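Overview (structure and organization)
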Amino acid sequence: MSDVPKGKLYFWDGELWLRWDDPDDLPGPEGDPLRIKIVCSESTGEHDQGSVDEQGSSKRARTDLEKKRVDLSGMHYGPLRFLLGYAAAGTAVQWCFLPSRTDQPMELLGNQLDLRTGEDRLSFLLSLVQAYRLLAVMSAAVPQLHGRWPLYSEIVRENSIVLMEGTTVFKQIKNFNEYKQKQKTSLAAIQKAYAIARRAADVAKRDGLSQYLVSCTSPPTVVRKQQYQVRTLPCGYSSRVTSEKDLHALATSVCTAAQMLHTAKLVHRDFRLPNVVQLGPQQYMVIDLESVAKATAEGLPKNFQHILKTCSAEALDAARRFTTLSDMYCIGLLLKEAYISVTSIQADTFAHKLMAKELSAEAALVYLQTEWAP
């Protein structure tokens, strides 16, 4: 027998009941304890045929639940690794474990419960209590992440709109002709960057590895009235660096993303902390590939600071070109901003080497593996 508000829950004669000892608590005959039976669908005598029918219905319910699954967005769920779900059909109930990624199978929790039996009705109520306790723990485990935009919120910028969808982000640039001239880029360069990201994302998903470059559902396009649009994934949340291990993981992620682009003779040109999102503990991903251009681009005009928000004139080469080493310089600045709250001589040395343009992306990754061990 367990306490419930103003009453008792108990199992008697094959049925589940609630009992209130105080007749004033709920309507009932004066002076008589009130008992309420917890009712469910009763057996009709066609139990065997009903069992066969409900087995099929239960299977369809689980299949329907599986179809409704989507990858959990880090932007909205943070580091949550699973959801608790249930499939119900008639008097049959099955609890399910739903991993955050759809490439991981749904698992059944315990046996299927048949609410026509008193024992399973009691088990179901007890499981509700356990589910509530589990949800309370899950809720406490998800931090109030800073920089997390509400679901379906719209971010309006000077010449673009960003819409936060369930597991994707829809981006639109209003006048792409003006944008590409101002940013010294091209649709071909941006499409090439996203193609690299999509291939890398497929490999990462297949091998169970981290994703370092934001991907897209389909290649970016320019539609009517010169509107650029793309739908990117996955969603992430603002990066948090609270330890040297976090900082090392951040550096590895960003340098890996840079290597992917540099190998294709592309530069990102906007490596800043706001353009690195977090997907989970020590998992970081570079976004905003609309800033990408060819590494052999022409020299930038004197007012380039208004075009690229990343760095100072020291990032450019002697011909005022933004090169692959310019990207590495910007990554050095990014790391210096990230480790304000983290004391690390190795991180400081690494950042200074990047800003001195001593390390390419490939050399930086070797350095992170051999010289900096957090």
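A brief look at the structure comes next. (Residues numbered from 1 in each chain as written. Predicted model: local features only at pLDDT ≥ 70, side-chain atom pairs only at ≥ 80, totals over all residues. Heavy atoms only, no water.)

**Observations concerning the sheet that holds strand E7 (residues 107–114)**
Pairing in this open sheet of three strands is antiparallel, and the strands run E5-E6-E7 from one edge to the other. Edge positions in the sheet fall to strand E5 (82–89) and E7, since each of these pairs with one other strand and no more. In this sheet, neighbouring strand axes are inclined to one another by 15° on average, regardless of whether the strands run parallel or antiparallel. Where strand E6 (residues 92–99) lies against E7, five bridges are found, and the strand directions are antiparallel. Opposite Phe 97, over in E7, you have Glu 107 as the bridge partner. (Pairing = 2+ DSSP bridges. Helix = DSSP H or I, 4+ residues; strand = E, 2+ residues; numbered from the N terminus. Axes fitted to C-alpha atoms, helices over the stretch in contact; angles between N-to-C directions.)

**Comments concerning the pattern of salt bridges**
Oppositely charged side chains are able to pair whenever their charged atoms sit close together. With the rule as written, the count across this model stands at 12 salt bridges. Among the salt bridges present, the one from Glu 66 reaches Arg 69, with a minimum N-O distance of 3.1 Å. Of the charged contacts in the structure, one is a salt bridge between Asp 270 and Arg 272, with a shortest N-O distance of 2.8 Å. For Arg 272, a relative accessible area of 22% translates into the label partly exposed. A cluster of three or more residues bridged by salt bridges with shared partners is formed by Lys 171, Asp 288 and Glu 290. (Salt bridge = Lys/Arg side-chain N within 4 Å of Asp/Glu carboxyl O. Buried < 20%, exposed > 50% of the residue type's maximum accessible area, 1.4 Å probe, protein only.)

**A word on the nonpolar core**
In this structure, Leu 247, Leu 250, Ile 331, Leu 335 and Phe 350 are the most contacted members of the largest nonpolar core, which totals 60 residues. When residues in this core are grouped by element, the largest group, nine residues, is from helix H6 (residues 244–263). Every residue in contact with Ile 331, bar those within four places of it in the chain, is listed here: Val 254, Cys 255, Ala 258, Phe 271 and Leu 354. (Core = buried A, V, L, I, M, F, W, Y, C linked by side-chain atoms within 4.5 Å. Contact = heavy atoms within 4.5 Å.)

**Quick word on helix H9 (residues 361–370)**
The complete set of buried residues in H9 reads Ala 361, Ala 364, Leu 365, Tyr 367 and Leu 368. The arc that holds the buried residues of H9, viewed along the axis, is 160°, so those residues lie on one side. The exposed set on the far side of H9, more than 90 degrees from its buried face, consists of Glu 362, Gln 369 and Thr 370. Close packing links the buried residues of H9 with H6, helix H7 (324–338) and helix H8 (345–355). (Arc of directions from axis to C-beta.)

**Concerning unusual backbone geometry**
The peptide bond linking Leu 233 to Pro 234 adopts the cis configuration, its omega dihedral lying at -5°. Although it is not a glycine, Lys 184 sits at a positive phi angle of roughly 55°. Phi angles above zero are rare outside glycine, and Gln 282 is one such case at about 55°. Tracing the chain through its elements places Gln 282 in the loop between strand E16 (276–280) and strand E17 (283–286). Classification of Gln 282 by relative accessible area gives partly exposed; the value is 37%.

**Examining H6**
Spanning 20 residues, H6 covers 28 Å between terminal C-alpha atoms, matching the ideal 28 Å at 1.5 Å per step. The element H6 is extensively covered by neighbouring structure, given that 14 of its 20 residues are classed as buried. Two residues or fewer past H6, Lys 265 is found with a positive phi of approximately 60°. (Expected span 1.5 Å × (residues − 1).)

**Here's the deal with the sheet that holds E17**
Strands sit in the order E14-E16-E17 across an open sheet of three strands; the sheet is antiparallel. One side of each edge strand has no neighbouring strand; the edge strands of this open sheet are strand E14 (237–238) and E17. Relative to E16, E14 runs antiparallel, the two being bridged by two bridges. Note on E16: the bridge partner recorded for Tyr 237 is Gln 278. The strands touched by H6 within the sheet are E16 and E17, with E17 carrying the most contacts at an inclination of about 35°.

**Here's the deal with the pairing of E16**
Extensive coverage of E16 is indicated by the burial of five of its five residues. In the sheet, E16 pairs with E17 via four bridges, with the strands oriented antiparallel. Paired with Val 276 across the two strands is Val 286, which belongs to E17. The turn joining E16 and E17, which pair antiparallel and follow one another in sequence, is formed by two residues; a positive phi near 55° is taken by Gln 282.

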